[in-house]
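# Fold and contact review
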Amino acid sequence: VQLQASGGGLVQAGGSMRLSCAASGPIFSRYAMGWFRQAPGKEREFVAALRWSGGATYYADSVKGRFTISRDNAKNAVNLQMNSLKPEDTAVYYCAAGYPGSMPLITRDQGYTYWGQGTLVTVSS
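In this text the structure is predicted, and so the values were computed from the model without any measurement.

### Some points on the pattern of salt bridges
Throughout the structure, instances matching the rule amount to five salt bridges. As a salt-bridge pair, Arg-37 and Glu-45 come within 2.6 Å of each other at their nearest N and O atoms. Between Arg-66 and Asp-89 there is a salt bridge, and its shortest N-O distance comes to 2.7 Å. Here Asp-89 lies in the loop between β8 (77-82) and β9 (91-98) and Arg-66 lies in the loop between β6 (57-59) and β7 (67-72), a separation of 23 residues in the sequence. Like Asp-89, Arg-66 is buried. Members of the salt-bridge network, linked through shared partners, are Arg-37, Glu-45, Arg-66 and Asp-89.

So, in structure tokens, the structure goes:
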């Protein structure tokens, strides 16, 4: 599976941005797809995840209520709609896919096998 992330860029605080991650290759029902981010000087952290079968979603507390993860079955893609963006959301965002099983691995990068190249999101104050 290869993952291609797109949609990053520069946005003002309070604005919105939509990231997409397209998968080339089959997405099996046991897969989960997730978004992680890494800010300068910080470790990579979990943002959101979605189970392909059933569509259960998971969010980091820092983005809950502002970000929405969704899937596009026809495009084999997962999207991340980011609203009410804050400067602290500035980071390189990575999409990932794999078989993380149950919690807590679905929120850990160790739970994912395939990673996209990352897309930079910059939120200006």
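Alright, that's what it looks like, and here's the rest.
### Digging into the state of the cysteines
Tallied over the full model, the rule gives one disulfide. For Cys-21, the disulfide goes to Cys-95, at an S-S distance of 2.1 Å. Its S-S torsion of approximately 60° makes the covalent link between Cys-21 and Cys-95 right-handed. Taken together, the positions of Cys-21 in strand β3 (residues 17-24) and Cys-95 in strand β9 put the pair 74 residues apart, joining distant regions of the chain. In this structure, Cys-21 and Cys-95 share a single accessibility class: buried.

### Quick notes on unusual backbone geometry
Of note in this structure, Asn-76 is not a glycine but carries a positive phi near 50°. Turning to its location among the elements, Asn-76 is positioned in the loop between β7 and β8.

### Some details on the sheet that holds β3
Here four strands make up an open sheet; going across it, the order is β1-β3-β8-β7 and the pairing antiparallel. Edge positions in the open sheet fall to β1 (2-6) and β7, since each of these has one partner strand only. Between one strand axis and the next, the sheet turns through 15° on average, direction left out of account. Direction of pairing for β3 relative to β8: antiparallel, over a ladder of six bridges. Note on β8: the bridge partner recorded for Arg-18 is Gln-81.

### Focus on the packing of aromatic side chains
Any aromatic ring pair is given by two values, namely how distant the centres are and how the planes are angled relative to each other. Enumeration over the complete set of coordinates arrives at six aromatic pairs. For the ring pair Phe-36 and Trp-115, a centre distance of 5.2 Å and an interplane angle of 55° mean the geometry is tilted. Taken together, the positions of Phe-36 in strand β4 (residues 32-38) and Trp-115 in strand β10 (residues 114-115) put the pair 79 residues apart, joining distant regions of the chain. Under the relative-accessibility criterion, Trp-115 is labelled partly exposed at 25%. Linked through ring pairs, Phe-36, Phe-46, Tyr-112 and Trp-115 together constitute an aromatic cluster. Taking NZ or CZ as reference, Arg-44 lies 5.7 Å from the ring centre of Tyr-94, over its face.

Criteria and thresholds
Residues numbered from 1 in each chain as written. Predicted model: local features only at pLDDT ≥ 70, side-chain atom pairs only at ≥ 80, totals over all residues. Heavy atoms only, no water. Salt bridge = Lys/Arg side-chain N within 4 Å of Asp/Glu carboxyl O. Helix = DSSP H or I, 4+ residues; strand = E, 2+ residues; numbered from the N terminus. Buried < 20%, exposed > 50% of the residue type's maximum accessible area, 1.4 Å probe, protein only. Disulfide = S-S within 2.5 Å. Pairing = 2+ DSSP bridges. Axes fitted to C-alpha atoms, helices over the stretch in contact; angles between N-to-C directions. Phe/Tyr/Trp six-rings, centres within 6.5 Å; stacked < 30°, edge-to-face > 60°. Lys NZ or Arg CZ within 6 Å of the ring centre and 35° of its normal.

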